[in-house]
Amino acid sequence: MKKFFIIFILALIPFASTKVSAESDLPLNSEAGIIIDAKSGKVLYGKNMDKRMYPASLTKVATAIYAIEHGGKNELVAVSKKAAKADGSSVFIEPGEEIELSELIAGMLINSGNDAAIAIAEHMSGSEELFMEDLNEFLRKEVNVTDTHFTNPHGLFDKDHVTTASDLAKITQYAMKNETFGEYFGKKELPWEVETWDTTLITHHKMLKGELPYKGITGGKTGFVSQSGYTLISTATRGEQDLIAVTLKAPSDKVAYSDTKLLFNYGFENFKSGKIDKKSKLYSADYSNSYTLNEDLYYTHLISDQPSLKTSNDGILSIMNQEGEAIDSFDLKTVADVRNTVLPAPIKQETINDKLIKFSVPSLGLGGF
């Protein structure tokens, strides 16, 4: 009879750690900071990460991803007098000038143009005020942040314009799933030709442009107003691991970058991303149901760990530690196609590969990998 391999997760493989934490208290000098695994969303370290604070130009990450998802790349944006006269950092656009939306988004992220942010907002929603209603609703409903309220699209100070390090990490994680955003966020420079300015925009992010090089850096956004101090979002990748670091209210940009490096080093030196491929087939512990994943599942564990996986009778997939405590868990009923099944013969262990136990069973027409 023809056989194929399926994954059945039952036995536990012991490993050294008891929880996903390196038990470190990092000496951050920024008032708040966070480092997360971009794939799993797991918080690896946080300091005052849920404290409401002023983000300054980190706001533009939210403005950018909203405009990318809701606008057309080649749409022409007509620059208003209000946009052209925006305070603070600028890409020097003029009233009546028409610029492609994609160019404005890239210019806003790279050169932190407040004028570009207002022009984008007015184009997307008809006015800056209506855009803020749309953006805040998007952040609540689509990104699922809970402690963010933005009053403008650029981040100039307003006492009611607040967010948290945790929410900014979530917003960045959401945005980085968009290929276009990732391309803009990682640009070091951009040729820029508008009516009154012909130049090349250079990113303000010192790690990204190489002034303070960091291995694996993939993107970043800076921010500063006096009330917020120096703020920074940075992304980095090494191997299969993607990290997002946020620091808020550093007393200097030197401290912001030093804290970011500290967060990245902590993440890369202590943690690893785990993946359960969407091609995997899983069975409940009592064999009554089979689950075919419809998406890749990601979790995070200590580098020294050898995670074990276990399914329950009610379809909960758990990543376990040596004491039987769950590091992470997934409801397979929400991330997989479910089928009732009864195995016709005892399961025979076949091989052990990639820390997942594989078994050989008669084909039930459920597919293989």
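Rules and cut-offs
- Residues numbered from 1 in each chain as written.
- Predicted model: local features only at pLDDT ≥ 70, side-chain atom pairs only at ≥ 80, totals over all residues.
- Heavy atoms only, no water.
- Helix = DSSP H or I, 4+ residues; strand = E, 2+ residues; numbered from the N terminus.
- Buried < 20%, exposed > 50% of the residue type's maximum accessible area, 1.4 Å probe, protein only.
- Contact = heavy atoms within 4.5 Å.
- Areas by Shrake-Rupley, 256 points an atom, 1.4 Å probe, with all protein chains shown as cover.
- Pairing = 2+ DSSP bridges.
- Axes fitted to C-alpha atoms, helices over the stretch in contact; angles between N-to-C directions.
- Expected span 1.5 Å × (residues − 1).
- Salt bridge = Lys/Arg side-chain N within 4 Å of Asp/Glu carboxyl O.
- pLDDT = per-residue confidence, 0-100.
- Left-handed = near helix turned anticlockwise from the far one by under 90°.
- Nonpolar A, V, L, I, M, F, W, Y, C, P; charged D, E, K, R; others polar.
- Polar contact = N/O pair within 3.5 Å; in protein donor to acceptor, adjacent residues only side chain to side chain.
- Phe/Tyr/Trp six-rings, centres within 6.5 Å; stacked < 30°, edge-to-face > 60°.

Peer 1: Residue-level account of the overall build of the protein chain, with values.
Peer 2: A tally of helices and strands in the protein chain yields 9 helices and 20 strands. Within the span of the protein chain, comprising 369 residues, buried residues form 51% of the whole. Within the protein chain, counting contacts between residues at least 6 apart in sequence, those at least 24 apart form 63% of the total. Accessible surface, the protein chain as shown: approximately 16,600 Å² in total, 47% of it carbon and sulfur.

Peer 1: Summarise the sheet that holds strand E9 (residues 229-238); cite the residues concerned and give the values.
Peer 2: Overall, antiparallel pairing links the 5 strands, which are arranged E3-E2-E10-E9-E8 in an open sheet. If you trace the sheet from one side to the other, it starts and ends with strand E3 (43-47) and strand E8 (217-225), each paired once. Each adjacent strand pair in this sheet contributes to an overall mean axis angle of 5°, direction not counted. As paired elements, strand E2 (residues 32-37) and strand E10 (residues 241-250) share 6 bridges and run antiparallel to each other. Bridged to Ile-36 within E10 is Ile-244. Packing of helix H6 (residues 165-176) onto the sheet brings it into contact with E2, E9 and E10, and relative to E10 it is tilted by some 140°.

Peer 1: Describe helix H4 (residues 114-125), and please don't skip the residues or the numbers.
Peer 2: Under the 1.5 Å per step criterion, the end-to-end length of H4 is 17 Å for 12 residues, consistent within 8% with the ideal 16 Å. Extensive coverage of H4 is indicated by the burial of 11 of its 12 residues. Those residues of H4 lying buried are Asn-114, Asp-115, Ala-116, Ala-117, Ile-118, Ala-119, Ile-120, Ala-121, Glu-122, Met-124 and Ser-125. Immediately beyond the C-terminal end of H4, within one or two residues, lies Gly-126, with a positive phi of roughly 100°.

Peer 1: Can you break down the sheet that holds strand E18 (residues 336-340) residue by residue, with the values?
Peer 2: Taken in spatial order, the 3 strands line up as E12-E13-E18 in an open sheet, and their pairing is antiparallel. Both outer strands of the open sheet, strand E12 (281-283) and E18, are each paired with one neighbouring strand and no more. Mean inter-strand twist for the sheet, computed between neighbouring axes without regard to direction, equals 25°. As paired strands, E12 and strand E13 (residues 289-293) are joined by 3 bridges and run antiparallel to one another. Looking at E13, one finds that Tyr-283 is bridged to Ser-290.

Peer 1: Give me the pattern of salt bridges: which residues, what numbers.
Peer 2: Under the criterion given, the structure shown has 14 salt bridges. Lys-206 is the partner of Asp-253 in a salt bridge, and the nearest nitrogen-oxygen pair spans 2.6 Å. Note that Asp-253 is positioned in helix H8 (residues 253-270) and Lys-206 in the loop between strand E7 (197-202) and E8, a separation of 47 residues in sequence. When its relative accessible area of 26% is taken as the criterion, Asp-253 is described as partly exposed. One salt bridge connects Lys-209 with Glu-211, and the closest N-O pair in it is separated by 3.6 Å. Relative accessible area serves as the criterion here: at 37%, Lys-209 is assigned to the partly exposed category. Relative accessible area serves as the criterion here: at 47%, Glu-211 is assigned to the partly exposed category. Taken together, the salt bridges that share partners define one network made up of Lys-206, Lys-209, Glu-211 and Asp-253.

Peer 1: How would you summarise the confidence of the model for the protein chain if you had to cite specific residues and measurements?
Peer 2: Averaged over the protein chain, the pLDDT score is 87; the fraction of residues at 70 or greater is 85%. Across residues 1-19 the pLDDT falls below 50, and counting only partners more than four positions away or on other chains, this stretch makes 73 contacts in the model. Counting interchain partners and residues more than four positions distant, the pLDDT-below-50 stretch residues 344-369 has 61 contacts.

Peer 1: Lay out the packing of helix H3 (residues 101-111) against H4 in plain terms, naming residues and giving numbers.
Peer 2: It is at 9 Å that the axes of H3 and H4 come closest, and there the two elements cross at 140°. Classified by chirality, the crossing of H4 by H3 is left-handed. Contacts between H3 and H4 involve Leu-101, Leu-104, Ile-105 and Met-108 from the first element and Ala-116, Ala-117, Ala-119, Ile-120, His-123 and Met-124 from the second. Tallied by class, the residues present in the contact of H3 with H4 amount to 9 nonpolar, 1 polar and no charged.

Peer 1: Go over the side chain of Ser-280 with me, naming the residues and quoting the values.
Peer 2: Positionally, Ser-280 belongs in the loop between strand E11 (271-276) and E12. For Ser-280, the side chain forms a polar contact with the main-chain oxygen of Asp-277, separated by 2.9 Å.

Peer 1: Give a detailed account of the packing of aromatic side chains, specifying residues and quantitative values.
Peer 2: This structure, assessed with the given rule, holds 11 aromatic pairs. Ring plane angle 90° and centroid distance 4.8 Å describe the contact between Tyr-54 and Phe-157, whose orientation is recorded as edge-to-face. Separated by 103 residues along the polypeptide, Tyr-54 in the loop between E3 and helix H1 (59-70) and Phe-157 in the loop between helix H5 (128-141) and H6 bring together distant segments of the chain. Tyr-54 gets classed as partly exposed once you look at its relative accessible area, which sits at 27%. Plain terms: the ring middles of Phe-181 and Phe-185 are 5.0 Å apart, the flat faces sit at 25° to each other, and that makes the pair stacked. Placement of the pair is Phe-181 and Phe-185 together in helix H7 (residues 179-185), with a separation of 4 residues, close to one helical turn. Relative accessible area serves as the criterion here: at 0%, Phe-181 is assigned to the buried category. An aromatic cluster is defined as three or more aromatic residues linked by ring pairs; in this entry it consists of Tyr-66, Phe-131, Phe-138 and Tyr-174.

Peer 1: Break down the side chain of Glu-97 for me, citing the residues and quoting the values.
Peer 2: For Glu-97, the location among the structural elements is in the loop between helix H2 (81-84) and strand E5 (98-100). Engagement of the side chain of Glu-97 in a polar contact is seen with the backbone nitrogen of Glu-94, the distance being 2.9 Å. Side-chain polar atoms of Glu-97 contact the backbone nitrogen of Glu-195, separated by 2.8 Å. Not counting chain neighbours up to four residues away, the residues in contact with Glu-97 comprise Val-77, Ala-78, Val-79, Val-194 and Glu-195.

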